[in-house]
Amino acid sequence: MYYIHAISSISHQDSFRSENIFDGLQILGEKSEPIAPAYKEFIPPTSLRRLSPVLRMGLTASIECRKTVDNDFDAISVGTALGCLRDTEKFLTTILTTTSDFLSPTAFIQSTHNTIGGQISLGLGNHAYNMTHTQNNLSFEVAMIDAILCVDEGKKNVLVGAADEHIPFLELLQPDLISDKSPLTSGASFFAISSENNKSNIGVKAVYTNFNTKDVETSVREFLAQQGLEISDLDLVLSDDETRMNIPAGVTSMNYLAYSGTHYSAPAFAVHIAHDYLASKDAKYVLVVNEMCKGKLGLTLIQKG
Amino acid sequence: MKIHVTGYGLISSIGYGADDSIQSLRNEKTGIERGRLAHSKKYNVGAIHLSNSELKKRYNLSTDGSRTALLGMVAAKQAFEGHALLDDVRTGLISGTSVGGMDISEAEYKKYLDQDGHNPDNYKHHSSGVGSEQIAQELGISEFINTISTACSSATNAIMMGARMIRNGSLDRVIVGGTDGLTAFTIAGFKSLMIFDDEWCKPFDESRKGLNLGEGAGYIVLESDKSISITKKEPLAVLSGWSNASDAFHQTASSPDGHGAQLSMEEALNVAGLSARDIDYINAHGTATPNNDLSESQAIKGIFGDNIPPFSSTKSYTGHTLAASGGIEAVFAILAIRNGYLYPNLNFNKAIEETGLIPQQSFEENRTVKHVLSNSFGFGGNNSTIILSAV
């Protein structure tokens, strides 16, 4: 087990610094926006001006996780599917519309995917392992696979999370390249994980990715069987509304995208929901089923005890 | 458990495979010259003179993709040649990239801004993850796919991730490395940072002015003991050490003492169970920017003291191929170990005043090269080191 010692999410829900988000979750309305924390409490004003939403969210959620745990992180693993889109689009527009030889490098510098991880290391003054994974809808899961590997290798206190940001341009790519089932948006969720259970009895039991999924239910059964479980042992399944598996009576299911909105880091927010569900209910197992891209399946099993 | 290297492949401006690359390395023939395309013609670059459609045709690629993905397919296929997909050998692909499908996106976005027949479907190649999935598809791999994007250390980190997944038993075999195509976006980006040398770059030289960009891809195949007992592939080298650490100094600049680089080299030696004295050759990151080369020199001095082994930067051959550089240079390291090569640091004249380090200046062969340390450093203070060793 990889126990969750800290969680911080910036989302459309009242999730930041919230003791438990589960009972307050609300389905997103049409005009819903992400709720921005008071960033200036976390980031100096000179930096804050330069930082795009995904950088603000990733850095702030990470700082908040750091405040919750006792020690510096000894590894940092970040997932992002599309990275720093605002600065990428900004720099692209500049180079395609300007003839000047002198361009400001800020947007370029901040356009690389690992600006999130880099800002976290700078913000926390952290010299540890720092990795950025990008694998479309499975970016969070591969970042978690790395984080788990770090714990297995003896790291005591690992920061893992995912962040993605929305730009209006993405709406031009709907519905062919990106789902239009719920509003396209931004979000970040970060976690501190550890093999120690002195402060938490809820954690990540196992993570799985599959890039050629023919039948979701078969993959879910095989994954659970490796953990000695069956689908009927689950208390809650968090998936999207198109999930291609039968969920037996007695197992609750929820469409997490209805609460997070659509972005490829949403499965990380689903893990936050799963944690808070287990923390407040008489329940033991939650499965997050990520099939935001057809054929590419991510499964994260969250367990209490 | 050993992490065996059983294949390698590369493409860069100095060669479309290992034999070509050795020829150029031996003959001190750089791939850097004045760019030939609209976005590169004002700069010296290490470009591959094959268009995307020429790449597809020449290498018989059946999967469509961006320049980054196509270059990746060429090098990864080369590395995996002679290997077969087997049910009981869990095989993955871990690939590093920084620009992903930007060559297609930037052309398409221009049409969007000009309102000139914009086709949103073309952005399907944009995401870095998609490029890796296309490379995996070309090889027939679907068990595990992962893309690392940590700018210029991406390929080295992909190699490290693969080694760790083999060591803990999650994979038996993995193709690891990186790829990046030259794009208008990156050329303009490095121009805006004002770290180009308008002439030919001079790594580790006192008068170095900056870098030349390049493009390419490099991959190696890693296998576990169990895997080679099934595949019967001959181990060509061993991946013995790896590490990643953060400089946590500045988003783009390296710290003056190369703190993150020292942490990364030190830990890689620890993982390998080697001491600094065991290293026979260092393939430096050596981008030829004033900041990197000074910082890296200080870090090398910090780790190796007065006993600095032969070292060089091969970036005056290939240009800085960004996320691909660690993959291409890992192949150079394997070739050095296999053949006893030391590579010259082309275009060096005078040592950096503060450090006085003199890199390897001529091509040598038949040297004893048992352990090669290879550095890659990226934006965000992302410092990585791998050590490749003789079998």
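Computed from a predicted structure; not experimentally measured.

Chemist: How do you make sense of the overall build of chain B when you look at a structure like this?
Modeler: If you tally the helices and strands in chain B, you get twelve helices and 13 strands. Taken over C-alpha atoms, the radius of gyration comes to 19 Å for chain B, in line with the 21 Å a tight globule of 391 residues would show. Expressed along its principal axes, the backbone C-alpha trace of chain B runs to roughly 60 × 50 × 40 Å. Within chain B, the fraction of its 391 residues that count as buried is 63%. Counting only contacts in chain B whose residues sit at least 6 apart along the sequence, the fraction spanning at least 24 positions is 79%.

Chemist: How should the overall build of chain A be read in this particular structure?
Modeler: Scanning chain A for helices and strands turns up nine helices and ten strands. Taken over the C-alpha trace, chain A has a radius of gyration of 19 Å; the compact-globule value for 305 residues is 19 Å, and the two agree within 12%. Within chain A, buried positions represent 58% of all 305 residues. Of the contacts made within chain A by residues no fewer than 6 positions apart, 73% connect residues no fewer than 24 positions apart.

Chemist: Help me understand the interface of chain B and chain A, please; the structure alone is not making it clear to me.
Modeler: It is common to give the size of an interface as the accessible area that goes away when the parts come together. With 47 residues of chain B at the contact, the number on the chain A side is 45 residues. Going through the elements one at a time, helix H4 (102–113), helix H5 (128–139), strand E5 (144–148), helix H6 (154–167), helix H7 (184–192), strand E9 (237–246) and helix H9 (259–272) of chain B are the ones with two or more residues in the side of chain B that touches chain A. Of the residues contributing to the side of chain B that touches chain A, the split by class is 19 nonpolar, 22 polar and six charged.

Chemist: Looking at this structure, how should I read helix H6 (residues 139–152) of chain A?
Modeler: Helical geometry note: an α-helix holds 3.6 residues per turn, so side chains three or four residues apart project in the same direction. Residue and element names in this part refer to chain A. An ideal rise of 1.5 Å per residue puts 20 Å on 14 residues; H6 measures up with 20 Å between its terminal C-alpha atoms. In terms of burial, H6 is a largely internal element, 13 of the 14 residues being buried. In the segment just after H6, Gly154 is the residue with positive phi, at about 110°.

Chemist: Hey, could you run me through the sheet that holds strand E2 (residues 33–34) of chain B in this one?
Modeler: Residue and element names in this part refer to chain B. What the three strands build is an open sheet, ordered E2-E3-E7; its pairing is mixed. At either margin of the open sheet sits one strand with a lone partner, and together these are E2 and strand E7 (213–214). Relative to E7, strand E3 (residues 44–46) runs parallel, the two being bridged by two bridges. Across the sheet, Val45 pairs through a bridge with Leu213, a residue of E7.

Chemist: Sorry if this is basic, but what is going on with the packing of helix H3 (residues 85–97) of chain A against H7 of chain B here?
Modeler: When two helices pack together, you describe them by how their axes are tilted relative to each other and by the distance separating the axes. As a packed pair, H3 of chain A and H7 of chain B sit with axes 10 Å apart at the nearest point and diverge in direction by 90°. By the angle between their directions, the pair H3 of chain A and H7 of chain B is classed as roughly perpendicular. Facing H3 of chain A, whose interface residues are Phe91, Leu92 and Ile95 of chain A, H7 of chain B presents Ala184, Phe185, Ala188 and Gly189 of chain B. In the contact of H3 of chain A with H7 of chain B, the residues fall into six nonpolar, one polar and no charged.

Chemist: Can you walk me through H7 of chain B in this structure?
Modeler: Taken across its nine residues, H7 of chain B has seven buried, putting it largely inside the fold. Among the residues of H7 of chain B, Phe185, Thr186, Ile187, Ala188, Gly189, Phe190 and Ser192 of chain B are the ones counted as buried. Contacts from the buried residues of H7 of chain B go to H3 and helix H4 (106–109) of chain A together with H4 and E7 of chain B.

Chemist: Explain unusual backbone geometry to me, please; I cannot follow it from the model alone.
Modeler: Most of the time, phi is negative for any residue but glycine, and the peptide bond is trans. The omega torsion of the bond from Gln174 of chain A to Pro175 of chain A falls at -5°, within 30 degrees of zero and hence cis. Within the chain, Gln115 of chain B stands out as a residue other than glycine whose phi angle is a positive 50°. Its location among the elements puts Gln115 of chain B in the loop between H4 and H5. Taking the C-beta count within 10 Å as the criterion, Gln115 of chain B has 7 such neighbours and is therefore assigned exposed. Positive phi is not limited to glycine here, since Asn366 of chain B has a value of about 60°. Relative to the helices and strands, Asn366 of chain B is located in the loop between helix H12 (325–339) and strand E12 (371–378).

Chemist: Help me understand the environment of Gly7 of chain B in this model?
Modeler: Structurally, Gly7 of chain B is set in strand E1 (residues 4–12). Through-space distance from the C-alpha of Gly7 of chain B to that of Lys233 of chain B is 8.8 Å; in sequence the pair is 226 residues apart.

Chemist: In this structure, what is going on with the confidence of the model for chain B? I would like to understand it.
Modeler: Predicted coordinates in areas of low pLDDT are best not read in detail. Per-chain confidence: chain B averages 97 in pLDDT, with 100% of residues scoring 70 or above. As a predicted assembly, this complex carries a pTM of 0.98 together with an ipTM value of 0.97.

Chemist: In this structure, what is going on with the pairing of strand E9 (residues 285–293) of chain A? I would like to understand it.
Modeler: One face of the sheet, then the other: side chains in a regular strand alternate in exactly this way. All names here are of chain A. E9 sits mainly inside the fold: nine of its nine residues count as buried. Bridge count between strand E7 (residues 236–239) and E9: three bridges; the pairing is parallel. Counted as the bridge partner of Leu236 is Val286 from E9. One ladder, built from seven bridges, connects E9 with strand E10 (residues 296–304); its direction is antiparallel. Within E10, the residue paired with Val286 across the bridge is Ile302. Once E9 ends, the chain turns through two residues before running back antiparallel as E10, passing Gly295 with a positive phi of about 85°.

Chemist: What exactly am I supposed to notice about the packing of H3 of chain A against H4 of chain B here?
Modeler: Interaxial distance between H3 of chain A and H4 of chain B falls to 10 Å at its minimum, and their mutual angle equals 70°. The pairing of H3 of chain A with H4 of chain B is recorded here as roughly perpendicular in orientation. Read as a crossing pair, H3 of chain A and H4 of chain B show a hand that is right-handed. Within the contact between the two elements, H3 of chain A uses Leu92, Thr93, Leu96 and Thr97 of chain A and H4 of chain B uses Glu106, Tyr109, Lys110 and Leu113 of chain B. Residue composition of the contact of H3 of chain A with H4 of chain B, grouped by class: four nonpolar, two polar and two charged.

Chemist: I keep staring at the environment of Ala6 of chain A and nothing clicks. Help me out?
Modeler: Tracing the backbone through its elements, the reader meets Ala6 of chain A in strand E1 (residues 2–10). Leave out the neighbours within four places in its chain, and Ala6 of chain A touches Cys65, Thr68, Val69, Phe191 and Ala192 of chain A.

Chemist: I'm lost on the environment of Ile120 of chain A in this one. Help?
Modeler: All names here are of chain A. With respect to the helices and strands, the residue Ile120 is situated in helix H5 (residues 115–124). Each C-alpha atom of the pair Ile120 and Asn130 lies 9.1 Å from the other, and the pair is ten residues apart in sequence. Apart from the residues within four sequence positions on either side, Ile120 is in contact with Gly58, Leu59, Ser62 and Ile76.

The rules behind these values
Residues numbered from 1 in each chain as written. Chains lettered and ligands numbered in written order. Predicted model: local features only at pLDDT ≥ 70, side-chain atom pairs only at ≥ 80, totals over all residues. Helix = DSSP H or I, 4+ residues; strand = E, 2+ residues; numbered from the N terminus. Rg over C-alpha atoms; globule rule 2.2 N^0.38 Å. Buried ≥ 20, exposed ≤ 12 C-beta atoms within 10 Å, placed from the backbone. Contact = placed C-beta atoms within 7 Å. Nonpolar A, V, L, I, M, F, W, Y, C, P; charged D, E, K, R; others polar. Expected span 1.5 Å × (residues − 1). Pairing = 2+ DSSP bridges. Axes fitted to C-alpha atoms, helices over the stretch in contact; angles between N-to-C directions. Parallel < 35°, antiparallel > 145°, perpendicular 65-115°, else oblique. pLDDT = per-residue confidence, 0-100. Left-handed = near helix turned anticlockwise from the far one by under 90°.

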